[in-house]
Amino acid sequence: MLSQDLRFAWRSLRRQPAFTAVAVLTLALGLGANTAMFSVISAVLLRPLPYPSPERLVKLVGLDTATGEQGNLSPADFIDFARATRTMDRVGAHGYVGFFTIADRTGLPERIGGVIVTEGFFPTLGALFALGRPFLAEEDLPNGPRAVILSHGFWQRRYGGDPTIIGRSIDVNARPATVVGVLSPDYRHVEANPERDADAFMAFQFEPAGANRGGHFIRGVGRLKPDYSIEQARADWTAIARRLEEQYPADNTDRGVVLSDLHVALVADTRPALLLLAAAVGFVLLVACANLANLLLAQGASRRTELAVRASMGAGRGRLVRQLLTESLLLAGLGGAAGIALAVASTRALTWLGAAGVPRAEDIRVDPWVLTFAMALAALTGIFSGLLPALQISRGDLHGAVREGSRGQARPALHRPMREVLIASQVALALVLLAGAGLMVRSLWQLLHVDTGFASEQVLTFETAVPTATYAEGDQIPFYEQFYDALRRQPGVTAVGAINILPLSANFDSRGVQIDARLQPPGQGHSIQARSINADYFQAMHIPLLRGRLFNSRDRDRNPLVVIISESMARRYWPNQDAIGQRLTFNSGIPRELQQNAGGAGSREVVGIVGDVKHLGLDEAEVPMFYTPQAQQPSYHTMAIVVRAAGEPTTLTSAIRGELAGLDRTVPMYRVRTLDTVVRSTVAGPEMRAWLFAVFGVLALIVSVIGVYGVVGYLVSQRTQEIGIRLALGAARGHVLRGLLVEGLRPVALGMAGGLLISLVASRLLAQMLFGVQPTDVLTYVSVVVLLAIAALIATWLPARRVMAVEPMSALR
């Protein structure tokens, strides 16, 4: 019986190619978008982390209990936590994804993403190794053997998967290190970095007795003991934090720790956006379902004679409903197959989510779970879209339809209320999505026009790293000064600046600071962002000097220590007095491998105040910051160079490479890009959300317009004879056309009114993702309503105009 219904349904659909194509296309768009989105949800939110017993893994970060802000841990605090905890099996720590320079006999030096970790990091995760082993305890001690672990991808790319790599010595940052392990291909670093992969790992080599307590630059991971919950671990670590606060008030006052499930913590920033996008794409499918149901309902008006004949031959209502439902399921199956093909094709495009900082974006794929979801969704769509139309079409006086059909008359108005409800539903859902897309696009526009505090036009930026083995502490200063002088002599170069961390790079370098003029009690110092710059940095970036002076050639290591502060720092710490001439003292001592050792500890005089700069993100508030001269910061081997050009900055790249090679061929030049590109890359996440919302909104608009056009066109064509009679009797064409438009646009207007009400409520869910735009932005809603109204008017006017063009006598015949 089922095979008979399927054959009949297939023949019925083949006889209506236009209807079938529109229905399948509509479903393919809705089902394809949902399948692609579910592949993202599955990879990022649902699939467990690729470690043994991932539910026992915990992320450990620092907490400022006074402000509630989360941050990093200090090495000394982490060591004390690890020693005192009674709820963790193992703990480990890692720094941010920085850079290593790799050199060996296989090829030229290469600058890759590198991470510093403790020896317990990989055992805590339970990370598997394709070759070799994790770090040993002695490799994580000061002056211990230098060892390096490679990622599987880097091992394949650089060494071709050579198994003899284990035990081989390679140069890491110009110093020999032995390769002791290669991670498995399934390993994913616990913190994603959209700009670079974690290709190599080295040990911190902390000195436990003298580890830094004032600098906060590491994060931890822990594995719970089987008998302990995360709540018990939080109580345990909070108690340890209180003891450390009492024991070390100078550094640990108001310092706490936050424990959270590792998987939840990794996706915390992206979960709301992904769930909101999933809801948006679900709306697209609802629009497609309503569209298909309306098409089936409209098509059913012309099939009442056929159904009446079958009923008169003994077919019961249940049999007719089953046949109609089989046709809708077959349509859903065809649409689902096309949707899966679209989802597979778009999976590669979805990997660009990784550039937006979405964790585990490289794992996005259409796997068996996603296929199962797609097939189940297609079946539900077929049932949902076909059941109500089937019940509506099969009820009523079918025998009367035979008599009406014999007179050549259809009953297009038979199911008008349901058709209008379905059209209104499509329009309302489309308006909600378009409003969300409009708010996201407006927010992105506002973000792109934020005042960064510097001029990014016509600036080329790149990074360099002098080898620590070749350039001892302080020896890199003459090298960099020669390099800056060589760049200034290049034609077209107007200024050359340098800074250890480029603005908007999302990297941190904070220092514990005491304000000398009003020393606070122990523990009341402040953690403030610190940067090391050359003398021309502010001129190169066009950062304005507000008071005082800039650095000059006299600000060197043997001269008085000086500092320039940002406007927000002056406002916060010297609110009612002039900050010029004030003094501050800050800590130092971060490991060399991180290239973050501030050096130059001691009391520094404030000699200048400059404008605030967006250092952490365009949507972040300005943070207090101070700048020190590079010549008084002898431990920075890695610097970001900014070169302001008179013309197109990228034309200077080859000349700059030549100057650098002429000074020292072992010094790499990497991450070459314009400063405009740097600024644009910081909005990758908001841009991704805006684009996806826009795509889903346009899809909903297209599907809705197709639905309105198809249903109105079908119904108007059924009324051709009636219209011909009215025209033959003298009715004015304009009057008839106006009536058709009013009839077609009435459910559209109802849908737009309902959609506006839903949007005003639903837009509150977007509030946390908007910047500079209110969820009730009037301009956005007016624009969306006008766009949807024009599209609906065209979709209604075209079929009505086509029927009106038919001559009355032709219509009567």
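Further up the page is the structure itself.
Because the structure is a prediction, the values reported are computed rather than measured. (Residues numbered from 1 in each chain as written. Predicted model: local features only at pLDDT ≥ 70, side-chain atom pairs only at ≥ 80, totals over all residues. Heavy atoms only, no water.)

Participant: Let's hear about empty space enclosed by the protein: which residues, and what values?
Facilitator: Applying the stated rule across the entire model yields five cavities of 30 Å³ or more. Of the volumes computed, that of the second largest cavity is approximately 60 Å³. Gly62, Leu63, Asn72, Leu73, Ser74, Asp77, Phe81, His216, Ala241, Asn252, Arg255 and Gly256 are the residues that line the second largest cavity. Elements with a minimum of two residues in the lining of the second largest cavity: β1 (57–64), α3 (75–84) and β12 (255–261). (1 Å grid on protein atoms, 1.4 Å probe; cavity = no way out; pocket = protein on both sides within 12 Å on 5 of 7 lines; lining within 4 Å. Points joined across faces, edges and corners; volume = space filled by probe spheres on them. Helix = DSSP H or I, 4+ residues; strand = E, 2+ residues; numbered from the N terminus.)

Participant: Describe the packing of aromatic side chains, naming the residues involved and giving the relevant values.
Facilitator: Summed over all chains, the structure comprises 17 aromatic pairs. Here tyrosine 187 and phenylalanine 201 contribute two aromatic rings whose centre-to-centre distance is 6.0 Å and whose plane-to-plane angle is 85 degrees, an arrangement assigned as edge-to-face. Of the two residues, tyrosine 187 sits in the loop between β9 (175–183) and β10 (200–203) while phenylalanine 201 sits in strand β10, which places them 14 residues apart along the sequence. With relative accessibility at 11%, the residue tyrosine 187 sits in the buried group. For phenylalanine 201, a relative accessible area of 0% gives the class buried. Ring centres of phenylalanine 538 and tyrosine 627 lie 5.0 Å apart, and the angle between their planes is 80 degrees; this geometry places the pair in the edge-to-face category. (Phe/Tyr/Trp six-rings, centres within 6.5 Å; stacked < 30°, edge-to-face > 60°. Buried < 20%, exposed > 50% of the residue type's maximum accessible area, 1.4 Å probe, protein only.)

Participant: So, the nonpolar core: which residues are in play, and what are the values?
Facilitator: Counting residues in each nonpolar core, the largest one holds 72 residues, and the members touching the most others are Tyr537, Phe538, Tyr627 and Phe696. In this view, phenylalanine 538 contacts Ile533, Ile543, Leu550, Ile564, Val610 and Tyr627; residues no more than four positions away in its chain are not counted. Counting 41 residues, the second-largest nonpolar core is a separate cluster that includes Val58, Ala76, Phe78 and Ile165. (Core = buried A, V, L, I, M, F, W, Y, C linked by side-chain atoms within 4.5 Å. Contact = heavy atoms within 4.5 Å.)

Participant: How would you explain helix α15 (residues 476–488) if you had to name every residue and give the values?
Facilitator: With 13 residues, α15 ought to run about 18 Å at 1.5 Å a step, and its terminal C-alpha atoms sit 18 Å apart, in line with that. The set of residues buried in α15 consists of Gln476, Ile477, Phe479, Tyr480, Phe483, Tyr484, Ala486 and Leu487. Where α15 is buried, its residues touch β13 (459–465), β14 (493–499), β22 (638–645) and α18 (653–663). (Expected span 1.5 Å × (residues − 1).)

Participant: Could you give an account of a nonpolar patch on the surface, with specific residues and numbers?
Facilitator: On the surface, Tyr709, Val778, Val782, Val786, Ile790, Leu793, Ile794, Trp797 and Leu798 cluster together into a nonpolar patch covering about 780 Å² of accessible area. Broken down by element, the residue count for the nonpolar patch peaks at eight residues, all from helix α23 (residues 778–804). By the secondary structure assignment, tyrosine 709 is in helix α20 (residues 684–718). (Patch = residues over 30% accessible without salt bridge, like charges linked within 9 Å, V, L, I, M, F, W, Y side chains within 5 Å. Areas by Shrake-Rupley, 256 points an atom, 1.4 Å probe, with all protein chains shown as cover. Salt bridge = Lys/Arg side-chain N within 4 Å of Asp/Glu carboxyl O.)

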